[in-house]
Amino acid sequence: MVYFRKSLGERLGDYCVRLKITATDISILLNVSRPTLSSWFDGTTSPTQDVHIQKVKILLAMLDRAENR
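Residues numbered from 1 in each chain as written. Predicted model: local features only at pLDDT ≥ 70, side-chain atom pairs only at ≥ 80, totals over all residues. Heavy atoms only, no water.

Student: A description of the side chain of S39 should follow, citing residues and the corresponding values.
Tutor: As for its placement among the helices and strands, S39 is situated in helix α3 (residues 34–41). Not counting chain neighbours up to four residues away, the residues in contact with S39 comprise T44 and T45. (Helix = DSSP H or I, 4+ residues; strand = E, 2+ residues; numbered from the N terminus. Contact = heavy atoms within 4.5 Å.)

This is the structure:
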């Protein structure tokens, strides 16, 4: 059986939809362009720079904690 695991960007996109966070706000926070962020959200690409990967991981952890309180 094959299990699909979402990428960091797809998980971030899911949170943005659920929590009504704009892509513009996230792109400013992460210092990436909206097209770059959109490609992360849809899984076309993933963050490759260590700084972006770490920021996304931190942001996901924060959003997860906030959502589960």
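Student: Go over the pattern of salt bridges, please, and point to the residues and values.
Tutor: Applying the stated rule across the entire model yields two salt bridges. D14 is the partner of K6 in a salt bridge, and the nearest nitrogen-oxygen pair spans 2.5 Å. Close ionic contact of E67 with R18 constitutes a salt bridge, the shortest N to O distance being 2.9 Å. Of this pair, E67 sits in helix α4 (residues 50–67) while R18 sits in helix α1 (residues 8–19), and the two are 49 residues apart along the sequence. (Salt bridge = Lys/Arg side-chain N within 4 Å of Asp/Glu carboxyl O.)

Student: So what's going on with the environment of L8? Residues and values would help.
Tutor: Along the chain, L8 turns up in helix α1. When neighbours within four sequence positions are excluded, L8 is seen to be in contact with I53, V56, K57 and L60.

Student: So what's going on with the nonpolar core? Which residues, and what values?
Tutor: In this structure, L12, I26, L30, L37, W40 and V56 are the most contacted members of the largest nonpolar core, which totals 13 residues. Secondary-structure elements contributing two or more residues to this core are α1, α2 (23–30), α3 and α4. For this core, the leading source of residues is α4, giving four residues. In contact with L12, not counting residues within four places along its chain, are I26, L30, L37, F41, V56, L59, L60 and L63. (Core = buried A, V, L, I, M, F, W, Y, C linked by side-chain atoms within 4.5 Å. Buried < 20%, exposed > 50% of the residue type's maximum accessible area, 1.4 Å probe, protein only.)

Student: Before we move on, can you summarise α3 with the specific residues and values?
Tutor: Looking at α3, one finds that the buried residues are L37, S39 and W40. Buried residues of α3 fall within an arc of 160° about the axis and therefore sit on the same side. On the buried face of α3, the contacting elements are α1, α2 and α4. Of the residues trailing α3, G43 is marked for its positive phi of about 85°. (Arc of directions from axis to C-beta.)

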